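# Geometric and topological summary
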Amino acid sequence: MENKEVRKWQNEAALRRYQMISPLLDPDIDEAKRRQLREEIAEREGISKRTVYRYEAGYRANQFEGLVPMNREKRRSQKLPDNWEEIVGEAIQLKREVPRRSVRQIILILETEGWAPVGVIRPSTLQRYLYNAGLGVKQMKRQAESRKTSSRRFCRAHRMELVQGDIKYGPKIRTREGKLVKTYLASLIDDHSRLILHAEFYDNERAEVVEDGFHKAILKYGVFDSAYLDNGKQYISRQLAGSCARLGIRILHAKPYACESKGKVEVYHKSVDRFIAEVEAAHVHSLEELNEKWKIFLEEDYQKKAHDGIAEYYRSMEVEVPAAGISPKVEFNRDERRLKFLDTSVVAEAFLHHEKRRIDKSGCFSLDGRDYEASVALAGLEVEIAYDPLHKETVTVSLGKMEKIEAHPVRIGAFAAKTVPRPAGMTDMLPETSRFLDALEKRYKEDHRLMADALSFGEYGKAGE
């Protein structure tokens, strides 16, 4: 397997392991709850508790790199039967007929009915497939239990413990050229203080705008413990999951259609609606102008305005609230929890996209329909490129231990560009000497010197006799 394929597999395996153990990394849970979670994870994933503990210890010791497997020797050694899909279908039917049937009972029935030879179906493998079908023991128990409380409200105790993210449709802008542009507001809100860590209007709702929001929020306020997101395609991208994993941020997803769990975001969106109503009367003609007005509104209105949710939170704990109320900005700034900032280069590297490209004979490569100029010295070679998807004016090109090169879009001007110097090995320059022959000559002289010394010592021995 080529190195790039091995690394891709290792990163994907590490990301799966991180997502598996992320509930164990919550600093607020006690050891008893952590042991219970290990058991649940082991049962759900079909692995041993020892393996779960090993993944957890590896992450605590070396962060994301501690989850990267050494090689691919741990692939499933037992090949599934050719009729595995039919076996799983029968297993699901057996589980639905009698929900209390254990996995081993189901395997016994399948073996007795001739669906598979004895010993071929592994309990852990079948259990994992049943869980993915929604028929795990814990899943069925939760479905059977009625809700014990009608309240689903929550609030974290300190800032930057949990951040909620969402995308909302913004106003349509008519540019001065007459073009109609749809806008989308991507936001990140601190769960405790309700402070908006980042909110910006974009002309699309792709995953890249979410990554951009995370990047800017972390640079401004530092890293947060967890992010609570919905299940939109922008929030379940592998790139976002990998970036957050490298920074130690847990990703939590809301259950589908669980609107009550996003109450803070919905309240914030009411303020956004007020802004949209005002900005439609302001005749904004560009995305830059829209974001400038939004920045002022956010800082002077929402962030400094008393928030009813904050007051209600403290009253629920029987804590007196000032008559003027508490604004998100005041609540965020008075929290005693220290902010954790990372080096900007570390944060930037975590959010870079990495791809493979082959350099053509002119020293260029293509990215999203644009040609970038790297170096003719790399012609014909496959390199790795790293770039920010929203700022692609500069793309970093790397190959092994070679010094990284900054590539820029090719621009055709009125005059030809200066000729790029070729490597010495590709020019007609004649060398002053043959370094290979010189090396052989040096070795030859060294060998004969040693031989002469040996002969001289031999003559000395004979003289002594």
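Further up the page is the structure itself.
These remarks concern the structure in this document.

### Thoughts on the sheet that holds strand β8 (residues 353-358)
- Across the sheet, six strands lie side by side as β8-β11-β12-β13-β10-β9; this open sheet has antiparallel pairing. Single-partner strands in this sheet number two, and they are β8 and β9 (364-367). Adjacent strand axes in the sheet meet at a mean angle of 35 degrees, parallel and antiparallel pairs treated alike.
- Inspection of the sheet shows β8 paired to strand β11 (residues 382-388) by six bridges, in the antiparallel sense.

### Section: the pairing of strand β12 (residues 391-398)
- Sheet topology places β11 next to β12; four bridges connect them, and they run antiparallel. In the sheet register, Glu384 faces β12, and the bridge partner there is Ser398.
- Counted along the chain from β11 to the antiparallel partner β12, the turn is two residues long.
- Here three bridges tie β12 to strand β13 (residues 405-409), and the two strands are oriented antiparallel to one another. Bridge pairing links Val395 to Ala407 in β13.

### A look at the nonpolar core
- If you look at the biggest cluster of nonpolar residues, it comprises 28 residues, and the most contacted ones within it are Leu197, Phe214, Ile218 and Phe224.
- Every residue in contact with Phe224, bar those within four places of it in the chain, is listed here: Met160, Val163, Phe214, Ile218 and Ile249.

### With respect to the packing of aromatic side chains
- Tallying each qualifying case throughout the model produces 13 aromatic pairs.
- For the pair Tyr268 and Tyr302, a centre-to-centre distance of 5.5 Å together with 75 degrees between the ring planes defines the contact as edge-to-face. Of the two residues, Tyr268 sits in helix α10 (residues 263-279) while Tyr302 sits in helix α11 (residues 287-302), which places them 34 residues apart along the sequence.
- Judged by relative accessible area, which is 5%, Tyr302 ranks as buried.
- Relative to Tyr372, the ring of Phe365 lies with its centre 5.5 Å away and its plane at 10 degrees, an arrangement referred to as stacked.
- Accessibility expressed as a relative area gives 2% for Phe365, which makes it buried.

### Structural notes on the pattern of salt bridges
- Tallying each qualifying case throughout the model produces 25 salt bridges.
- For Glu300, the salt bridge identified is with Lys304, shortest N-O distance 3.4 Å.
- For Arg357, the salt bridge identified is with Glu355, shortest N-O distance 2.8 Å.
- Here Glu355 falls in the partly exposed class, since its relative accessible area comes to 25%.
- Three or more residues are tied together by salt bridges with common partners; here these are Glu31, Arg34, Arg38, Glu56 and Arg60.

Thresholds, definitions, all that
- Per chain, residues are indexed from 1 in the order of the written sequence.
- Side-chain atom pairs in this predicted model are given and counted only at pLDDT of 80 or more, local residue features only at pLDDT of at least 70, and totals for whole chains, interfaces and linings cover all residues.
- Side-chain numbers come from the whole structure's heavy atoms, not from hydrogens or water.
- The rule for pairing is simple: two strands pair if DSSP sees at least two bridges between them.
- Each helix is a run of H or I in the DSSP string that is no shorter than four residues. Each strand is a run of E no shorter than two, and both are numbered from the N terminus.
- Inter-axis angles, ranging from 0 to 180 degrees, are taken between N-to-C directions of lines fitted to C-alpha atoms, where helices are fitted over the stretch in contact.
- By nonpolar core we mean a set of buried residues, namely Ala, Val, Leu, Ile, Met, Phe, Trp, Tyr and Cys, connected to one another through side-chain atoms within 4.5 Å.
- For the exposure calls, accessible area comes from a 1.4 Å probe over protein chains only, and a residue counts as buried if that area is under 20% of its type's maximum, exposed if over 50%, partly exposed in between.
- It only takes one pair of heavy atoms within 4.5 Å for two residues to be counted as in contact.
- Any Phe, Tyr or Trp ring, taking Trp's six-membered ring, that has another such ring centre within 6.5 Å forms a pair; planes under 30 degrees apart are called stacked, those over 60 apart edge-to-face, and the others tilted.
- Salt bridges, as used here, are contacts in which a Lys or Arg side-chain nitrogen is within 4 Å of a carboxyl oxygen on Asp or Glu.

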